[in-house]
Amino acid sequence: MTHPQDFEQSSQFDRYGAGSTPNLTVEISSRPLYRQVRRQRSGMTPMDSIEFEGTALDQLSHGKVAWWVAIASWFVYGIPMGILAFPVLGEQVKVMGDHLIKLFHSPLSGTLWFQFLMILFATAFLVMVCLCTLMILVKGTIRKLQHRR
């Protein structure tokens, strides 16, 4: 095996320009080589519709929609969620209270525990769906009012 100093003296090594100092600069053009084309979504596939709904709710929650859209969303989403959430939630809390009283009288009953947990999960789901929708509307309305001032 030859040593590195032997490579520098070799005529074959010098033939490829390895003995000279290399030019280590790279030129980068100011123009991009290709244009990034964003595909126009059609809304026909499930993922497209999910993307559209997410974009619409994001714009609604940040107050980036027109006033008529904000008011219409309160009529379309806010009022039905309020009508659904509060009376049903009150009834669910009453039923859960009745089940808790029954559970204190017979704590080892598996059927009562199952019914209680099912009512608890149904109530939690109802609260999450309704309150998330109402929070989006409230947040968007507050931000919309702040933009106008």
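From a predicted model like this one, the values you see are computed outputs, not experimental measurements. (Residues numbered from 1 in each chain as written. Predicted model: local features only at pLDDT ≥ 70, side-chain atom pairs only at ≥ 80, totals over all residues. Heavy atoms only, no water.)

Draft legend 1. Seen up close, the side chain of Thr133. With respect to the helices and strands, Thr133 occurs in helix α5 (residues 110-148). Using a relative accessible area of 17% as the deciding quantity, one classes Thr133 as buried. Setting aside residues up to four positions removed in sequence, Thr133 forms contacts with Tyr77 and Met81. (Helix = DSSP H or I, 4+ residues; strand = E, 2+ residues; numbered from the N terminus. Buried < 20%, exposed > 50% of the residue type's maximum accessible area, 1.4 Å probe, protein only. Contact = heavy atoms within 4.5 Å.)

Draft legend 2. Summary view of the state of the cysteines. Scanning all chains against the criterion turns up zero disulfides. Not engaged in a disulfide, the cysteine Cys130 finds its nearest cysteine sulfur in Cys132; these two sulfurs lie 9.4 Å apart. For Cys130, a relative accessible area of 1% translates into the label buried. Taking relative accessible area as the criterion, Cys132 reaches 49% and is therefore assigned partly exposed. (Disulfide = S-S within 2.5 Å.)

Draft legend 3. Helix α4 (residues 67-105), seen in detail. Across its 39 residues, α4 extends 55 Å between first and last C-alpha, which sits within 8% of the 57 Å expected from 1.5 Å per residue. Taken as a whole, α4 carries its principal kink of about 35° at Trp74. Within the sequence span of α4, burial applies to Ala70, Ser73, Gly78, Met81, Gly82, Ala85, Met96, His99 and Leu103. (Expected span 1.5 Å × (residues − 1). Bend = angle between axes of the 7 residues up to and from the residue.)

Draft legend 4. Summary view of the environment of Ile79. Looking at where Ile79 falls in the secondary structure, it is placed in helix α4. Between the C-alpha atom of Ile79 and that of Leu134, which follows or precedes it by 55 residues, the distance is 9.1 Å.

Draft legend 5. Spotlight on helix α3 (residues 46-61). Taking 1.5 Å per residue as the helical rise, α3 with its 16 residues ought to reach 22 Å, and the 22 Å between its terminal C-alpha atoms agrees with that figure. Among all positions in α3, only Asp48, Leu60 and Ser61 are buried. Backbone geometry just after α3 places Gly63 at a positive phi near 75°.

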